[in-house]
Amino acid sequence: MSNDDDSEEPYVYSSKPGVSTMYAAVERVLAARPDWISASSASSFDLLIAERWAIPHARLGRDGFGGTPSRVPMTNHARGSKAITVKGLMVKSLRALCETVQGADVADFLPETYLVTPGEASDAAERAALLRTPREDDECWICKPTGGAHGVGIEICRDARDALRRVDATRRPSETEEKHAFTSAAETPEARPRSASSGPGATTKPAVKPPLKRTRVPLRPRPPPAWLVQRYVSNPMLVDGRKFDIRAFALVTHDLRAFWCEDWIARTCSERFCMRDVSNRAAHISNHCVQERSANFGVFEEGNEMFAAAFRNRLRRERGDDAGARLYESVVAQMRRAAAQTIRCVVNAMGGGDAYDAFQVLGYDFMPDEKGKVWLLEVNGSPAAAERMTPTVAEDIVELAVDAKFPPRGGGRGEKGAVASGRWVELDLACA
């Protein structure tokens, strides 16, 4: 909804510590604007900037928390977005969408994927389907914890059975097992009284019992973490023999419009790609947190990053102007379509409701293969952009998401704006 308040009072934003670099840049944009001030009180604001786990969604707009009598507050994370920003939920959401949309097939843009819970029998159908998959040349499976980030916990396995073994090895004790560990600690030999001496007539002195080895017993059962077991893209498109993925951005505004950022980043690996050695993480996992450990990080591209324009020019040099341009446009079109499909899954749950409004930046990770097919890997709910592009992206987010609800007093950027410049295009969710 638009803001119809004609008051000259400045808008108020509040922020919580620890926001991502992108949202920290958004805060700097607002701080430089004359029509925005930082909140002097944590309970009175028009806009709350925080990480998703730090936003009190249930309190927003209620009991005087946020907003004013004439303005509904807004925050930078939508509750409903977790249906695509948690890896396992994203798979379920896309499967559900494709069951209801004629001609839609999740296999069009998502690698063959199975949801597996360590040591659980409830996913027997997923396990059976995984084990039935036909063997392929250079077959590999990549195992990812659904709540993981920064490349932590990722395993690459040569076959499906090995993948299941790796996942099951991460199983943690159940609540019953933890309780048993707690109660049985007192029955260990160390906890029993010991005789001061042995033999006939020996006196027994009470031994001092060591403290019990306490194991935490959860008050409520915790669901075991699920994993994605996903067919590894064994024929990726390469840059000078090195693998890369693409980090792209979309923005969902409070009025449920979706925008795609044309300026994305190809994140390159530091080592040459080789399917014979999947243990070399610097050749197979392009996440910066992994690549920074390589001695070759930053040797080929600054920060192991190649921007969209540079990527397009490389394709045109390597494949010829026409073929390179066509391949580039095909890659972009596939990424846009996958972004629109995922947003369509959850857009109706992303507005916030009557009590508050919400917008959110989504970070998409894609992997193009050598045939030009683009695969969606995951969606990030609090993505970071390259340091060189963050200020511009932050300006655009404020224009598209914040100004749309809180119109600037004195005008916006006009023809220098995000859409007019060509940096962002609106996605048509109806045709996704």
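This text goes with the structure placed above it.
Conventions used here
Residues numbered from 1 in each chain as written. Predicted model: local features only at pLDDT ≥ 70, side-chain atom pairs only at ≥ 80, totals over all residues. Heavy atoms only, no water. Axes fitted to C-alpha atoms, helices over the stretch in contact; angles between N-to-C directions. Helix = DSSP H or I, 4+ residues; strand = E, 2+ residues; numbered from the N terminus. Parallel < 35°, antiparallel > 145°, perpendicular 65-115°, else oblique. Left-handed = near helix turned anticlockwise from the far one by under 90°. Contact = heavy atoms within 4.5 Å. Nonpolar A, V, L, I, M, F, W, Y, C, P; charged D, E, K, R; others polar. 1 Å grid on protein atoms, 1.4 Å probe; cavity = no way out; pocket = protein on both sides within 12 Å on 5 of 7 lines; lining within 4 Å. Points joined across faces, edges and corners; volume = space filled by probe spheres on them. Salt bridge = Lys/Arg side-chain N within 4 Å of Asp/Glu carboxyl O. Buried < 20%, exposed > 50% of the residue type's maximum accessible area, 1.4 Å probe, protein only. Core = buried A, V, L, I, M, F, W, Y, C linked by side-chain atoms within 4.5 Å. Pairing = 2+ DSSP bridges. Polar contact = N/O pair within 3.5 Å; in protein donor to acceptor, adjacent residues only side chain to side chain. Disulfide = S-S within 2.5 Å. Phe/Tyr/Trp six-rings, centres within 6.5 Å; stacked < 30°, edge-to-face > 60°. Lys NZ or Arg CZ within 6 Å of the ring centre and 35° of its normal.

### Regarding the packing of helix H1 (residues 21-31) against helix H11 (residues 390-402)
Thinking step 1. Remark: H1 packs on H11, axes separated minimally by 8 Å, with the N-to-C direction vectors making an angle of 70°. It follows from the interaxial angle that H1 and H11 lie roughly perpendicular. Seen along the crossing, H1 lies across H11 with a hand that is right-handed. Contacts between H1 and H11 pair Thr21, Met22, Ala25, Val26, Val29 and Leu30 from the former with Thr390, Val393, Ala394, Glu395, Ile397, Val398 and Val402 from the latter.
Thinking step 2. By residue class, the composition of the contact of H1 with H11 is 10 nonpolar, 2 polar and 1 charged.

### Things to note about the layout of surface pockets
Thinking step 1. In this model, the second largest pocket occupies a volume close to 370 Å³.
Thinking step 2. The wall of the second largest pocket is formed by 20 residues, among which Leu110, Pro111, Glu112, Arg231 and Trp375 lie closest to the centre.

### Here we look at the packing of helix H9 (residues 308-319) against helix H10 (residues 321-346)
Thinking step 1. Look at H9 against H10: their axes get within 6 Å of each other, and the N-to-C directions meet at 140°. Judged on the interaxial angle alone, H10 and H9 are oblique. Relative to H10, the crossing made by H9 is right-handed. On H10, the residues touching Ala308, Phe311, Arg312, Leu315, Arg316 and Arg319 of H9 are Asp321, Ala323, Gly324, Ala325, Leu327 and Tyr328.
Thinking step 2. The residue makeup of the contact of H9 with H10, split by class, is 7 nonpolar, 1 polar and 4 charged.

### Observations concerning the pattern of salt bridges
Thinking step 1. Under the counting rule described, the total for this entry stands at 26 salt bridges.
Thinking step 2. The partner of aspartate 403 in a salt bridge is arginine 33, and the shortest N-O contact between them spans 2.8 Å. A residue pair is termed long-range when its members are at least 10 positions apart, and aspartate 403 in the loop between H11 and strand S17 (424-426) and arginine 33 in the loop between H1 and strand S2 (36-38) qualify at 370 residues. Here aspartate 403 and arginine 33 have matching classes, each one buried.
Thinking step 3. Between aspartate 168 and arginine 127 there is a salt bridge, with the nearest N and O atoms lying 2.6 Å from each other.

### Examining the nonpolar core
The nonpolar side chains of a soluble globular protein tend to be buried with one another.
Thinking step 1. Ranked by size, the top nonpolar core spans 59 residues in total, and within it Trp260, Trp264, Phe311, Met335, Ile343, Tyr364 and Phe366 carry the most contacts.
Thinking step 2. Contributing elements (two or more residues each) for this core: helix H3 (87-100), strand S10 (242-252), strand S11 (258-261), H9, H10, strand S15 (360-368) and strand S16 (374-380).
Thinking step 3. Take this core: its biggest share by element is 10 residues, from H10.
Thinking step 4. Among all residues touching tryptophan 260, those that are not within four sequence positions of it are Ala248, Phe249, Val332, Met335, Arg336, Ala339, Phe366, Arg423, Trp424, Val425 and Leu427.

### Section: unusual backbone geometry
Thinking step 1. The backbone phi angle of aspartate 240 is positive, close to 50°, even though this residue is not glycine.
Thinking step 2. Mapping aspartate 240 onto the fold places it in the loop between strand S9 (238-239) and S10.
Thinking step 3. In the Ramachandran plot, asparagine 304 falls in the positive-phi region, its phi being about 55° despite a non-glycine side chain.
Thinking step 4. Within the fold, asparagine 304 resides in the loop between helix H8 (288-291) and strand S13 (305-307).

### Remarks on the pairing of S11
Thinking step 1. Across the two faces of S11 the burial is the same, with Ala258 and Trp260 and Phe259 and Cys261 all buried.
Thinking step 2. In this sheet, S11 lies alongside S10 in antiparallel orientation, the contact comprising 3 bridges. Bridge assignment links leucine 251 to a residue of S11, and that residue is phenylalanine 259.
Thinking step 3. With 3 bridges connecting them, S11 and S17 associate as antiparallel partners.

### Some thoughts on the side chain of aspartate 403
Thinking step 1. What makes aspartate 403 buried here is its relative accessible area of 12%.
Thinking step 2. Separated by 2.8 Å, the side chains of aspartate 403 and arginine 33 make a polar contact.
Thinking step 3. Once residues within four sequence positions are removed from consideration, aspartate 403 is found in contact with Arg33, Val398 and Pro408.

### Observations regarding the state of the cysteines
Thinking step 1. As enumerated under the stated definition, the model contains 0 disulfides in all.
Thinking step 2. Its sulfur unpaired, cysteine 345 is 7.2 Å from the next cysteine sulfur, which belongs to cysteine 98.

### Details of the sheet that holds strand S14 (residues 357-358)
Thinking step 1. The strand order across the open sheet built from 5 strands is S2-S1-S3-S4-S14, with neighbouring strands paired in parallel fashion. Unpaired on one side and paired on the other, S2 and S14 mark the two borders of the sheet.
Thinking step 2. Packed on one face of the sheet, H1 meets strand S1 (11-15), S2 and strand S3 (47-49) and runs near 140° to S3.

### A closer look at the sheet that holds strand S5 (residues 113-116)
Backbone-to-backbone hydrogen bonds join strands into a sheet, with any given pair of strands oriented parallel or antiparallel.
Thinking step 1. What the 4 strands build is an open sheet, ordered S5-S8-S6-S7; its pairing is antiparallel. This sheet does not close on itself; its edge strands, each paired only once, are S5 and strand S7 (155-157). Between one strand and the next, the sheet's axes are offset by a mean angle of 25°, whatever the strand orientation.
Thinking step 2. Pairing geometry for strand S6 (residues 141-145) and S7, over 3 bridges, is antiparallel. From the neighbouring strand, tryptophan 141 faces S7, where its bridge partner is cysteine 157.
Thinking step 3. Against the sheet, H3 touches S5, S6 and strand S8 (227-231), its axis set at about 125° to S5.
Thinking step 4. Against the sheet, helix H4 (residues 124-132) contacts S5, S6 and S8, and its axis sits at roughly 140° relative to S5.

### Digging into the packing of aromatic side chains
Thinking step 1. By the definition in use, this model includes 12 aromatic pairs.
Thinking step 2. Their ring planes at 55° and their centres at 5.2 Å tell us that tyrosine 11 and phenylalanine 406 sit as a pair that is tilted. One end of the pair, tyrosine 11, is in strand S1; the other, phenylalanine 406, is in the loop between H11 and S17, with 395 residues separating them in the sequence.
Thinking step 3. On the basis of relative accessibility, which here comes to 1%, the residue phenylalanine 406 falls in the buried class.
Thinking step 4. Between tyrosine 13 and tryptophan 36 the ring centres are 6.5 Å apart and the planes differ by 50°, which places this aromatic pair in the tilted class. Placement of the pair is tyrosine 13 in strand S1 and tryptophan 36 in strand S2, with a sequence separation of 23 residues. As far as the burial class goes, tyrosine 13 and tryptophan 36 line up, both buried.
Thinking step 5. Counting every residue linked through ring pairs, the aromatic cluster contains Tyr11, Tyr13, Trp36 and Phe406.
Thinking step 6. Lying across the ring of phenylalanine 65, arginine 59 places its NZ or CZ 4.0 Å from the centre.
Thinking step 7. Lying across the ring of tyrosine 11, arginine 409 places its NZ or CZ 4.1 Å from the centre.

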